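# Analysis of the macromolecular model
This is what each chain is made of:
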Amino acid sequence: MFTDFARINVQGGNGGAGCMSFRREAYVPKGGPDGGDGGRGGDVILEADSQLSSLIDYRYKHHFKAERGTHGQGARRHGKDGADLVLKVPLGTVVRECDHETHEPLYQIADLTHPGERVVVAPGGIGGRGNIHFVTSVRRSPAFAEKGEPSQDHWIELEMKLMADAALVGMPSVGKSSLIARMSAARPKIADYPFTTLVPNLGMVRARNGYSFVVADVPGLIEGASEGKGLGHEFLRHIERTALIMHVVDVTGSYEGRDPVHDFEVINEELRAYAQELATRPQIVVANKCDMPGYEENTERVRKAAEEAGYPFFAVSAVTGEGIDGLMDATAARVHELRSAAAEEAPTAEDIEVESRKWEQERRRRDRRITIKSLGGNVWRLSGGAIERMVIQTDWDNDEGISYLMHRFERIGLDERLQKAGVKDGDEVRILGYAFTYENPEKDAFAELKDSDDEVVSEFAEEDE
């Protein structure tokens with residue numbers, strides 16, 4: 001079954017907790033701390049696979065979670081990292097982050113167009129550090145450790161756009177399915193009514209000149225397709241990545257008796273309206289059903305319109321095979337030219353690695369943001385992946401752990417950020433399920449801890465350097 005769209009829930013593994021432990025052995029009176037770190041939770045990773053042609057694996061299963069990290073132990077024994085969960089997707093898959101409640105897309109995460117290209121869509125939780133990390137010249141026996149970071153689940157949207165060499169486009173019932181069946185081993189459903197084809201079909205074409213290419217039979221378009229009419233957006237997205245457009249025109253005007261030249265102009269206008277770059281995409285015009293008597297004038301009119309637009313023209317019959325070999329040879333040669341030109345600009349393995357790192361850096365940049373929002377009434381909401389992680393990993397039943405959190409706030413310049421946002425002495429600052437009373441920086445940074453169940457609201461963002 002062909003599936004080109006899916007929405008799934010992904011969650012990394014939880015991080016393991018760090019251990020608070022001291023070495024206790026005979027004849028070692030001052031063994032010191034020896035608590036190990038918790039293991040990091042596994043990531044959920046999407047990887048582009050050239051062997052896949054559909055998102056069918058995500059049609060019925062929608063929830064995926066990576067393995068959790070194990071807890072640290074005494075004697076400096078660190079917890080094991082959770083295994084990553086790698087999900088394979090077809091080439092040409094666009095990945096978007098979705099709103100957790102409405103499932104509406106928020107922003108694009110990645111566009112996976114090269115084999116082996118990867119992107120982390122749900123990072124695993126960071127493992128908590130054991131108490132061996134908190135020894136200083138004045139803190140010789142730290143009696144606290146960090147908790148593991150619980151992972152967050154994400155709803156993501158997967159949209160596949162076919163990466164064929166050529167795409168057959170045109171009005172419904174112009175004979176696109178018959179053409180792909182004639183040119184290749186593909187066997188799509190063929191019937192004499194509109195929208196017989198509801199999903200794209202792929203076929204491998206081998207021409208007489210020794211070249212081959214992959215052709216896609218895109219379901220019929222209608223006027224207004226660029227605005228979504230007739231499932232236009234569902235079909236048009238599969239044309240975006242094709243190197244060559246094979247524009248099929250029915251010279252008989254189909255059963256509706258349409259004007260073929262008008263059809264030719266309408267489809268080109270819809271391509272242009274959907275994406276301006278499609279207006280300059282290489283195109284071959286294919287006048288189909290030329291075996292039908294009485295339509296020679298229409299064939300010449302379509303030929304003239306194609307030549308005026310600067311497109312090569314071929315008159316063929318998918319039923320009798322007339323002109324098909326010449327069309328296949330010319331298309332294969334043109335695809336070969338386009339492939340050769342693209343190969344010179346094709347990314348290397350190093351380029352693909354750089355692209356993958358770019359997506360990861362963008363994710364980390366979003367994670368480091370600190371967002372401050374006024375809730376009114378001298379109450380402020382503080383949020384951000386990195387700063388929330390500090391709060392989550394703190395043991396709130398341990399005074400030393402809380403003191404260390406205050407130190408971390410000071411190191412990232414949180415006081416200055418709050419003052420810049422307009423927070424005043426005595427205002428309430430909320431982070432996750434906790435609330436603090438802000439005090440003058442010359443005093444303790446925060447005092448009076450109490451519970452709060454308010455939700456996080458993001459508006460003003462500032463990146464943590």
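Description of the structure in this document. Only a predicted model underlies this, so the values are computations on that prediction, with no experimental measurement involved.

## Details of the overall build of the protein
Each helix and strand in the protein was counted, giving nine helices and 20 strands. By the burial criterion, 49% of the 465 residues in the protein qualify as buried. Considering only contacts within the protein whose residues lie at least 6 apart along the sequence, 71% involve residues at least 24 apart. Accessible area for the protein stands at about 23,000 Å²; split by element, carbon and sulfur atoms hold 47% of it.

## Structural notes on helix H7 (residues 385-392)
Across the eight residues of H7, six count as buried, placing the element largely inside the fold. Among all positions of H7, only Ala-386, Ile-387, Glu-388, Arg-389, Met-390 and Val-391 are buried.

## Section: the sheet that holds strand E3 (residues 63-65)
Strand order in this open sheet of five strands is E3-E1-E8-E5-E6, and the pairing throughout is mixed. Each end of this open sheet is capped by a strand with a single partner; those strands are E3 and strand E6 (105-112). Across the sheet, the axes of successive neighbouring strands diverge by a mean angle of 30 degrees, strand direction being ignored.

## Notes on the nonpolar core
Of all hydrophobic cores here, the largest spans 35 residues; its most connected members are Leu-168, Leu-179, Met-183, Val-215 and Ile-239. If you list the elements that add at least two residues to this core, you get strand E9 (166-169), helix H1 (176-183), strand E11 (212-217), strand E12 (244-250), helix H3 (260-274), strand E13 (283-288) and helix H5 (324-344). Here this core gets six residues from one element, more than from any other, and that element is H5. Every residue in contact with Met-183, bar those within four places of it in the chain, is listed here: Leu-168, Met-204, Val-205, Val-215, Met-246, Ile-324, Leu-327 and Met-328. With 26 residues, the next largest nonpolar core counts Val-44, Tyr-58, Leu-87 and Ala-110 among its residues.

Parameters and conventions
Residues numbered from 1 in each chain as written. Predicted model: local features only at pLDDT ≥ 70, side-chain atom pairs only at ≥ 80, totals over all residues. Heavy atoms only, no water. Helix = DSSP H or I, 4+ residues; strand = E, 2+ residues; numbered from the N terminus. Buried < 20%, exposed > 50% of the residue type's maximum accessible area, 1.4 Å probe, protein only. Contact = heavy atoms within 4.5 Å. Areas by Shrake-Rupley, 256 points an atom, 1.4 Å probe, with all protein chains shown as cover. Pairing = 2+ DSSP bridges. Axes fitted to C-alpha atoms, helices over the stretch in contact; angles between N-to-C directions. Core = buried A, V, L, I, M, F, W, Y, C linked by side-chain atoms within 4.5 Å.

Fair warning: the whole summary comes from geometry, so function is off the table for now.
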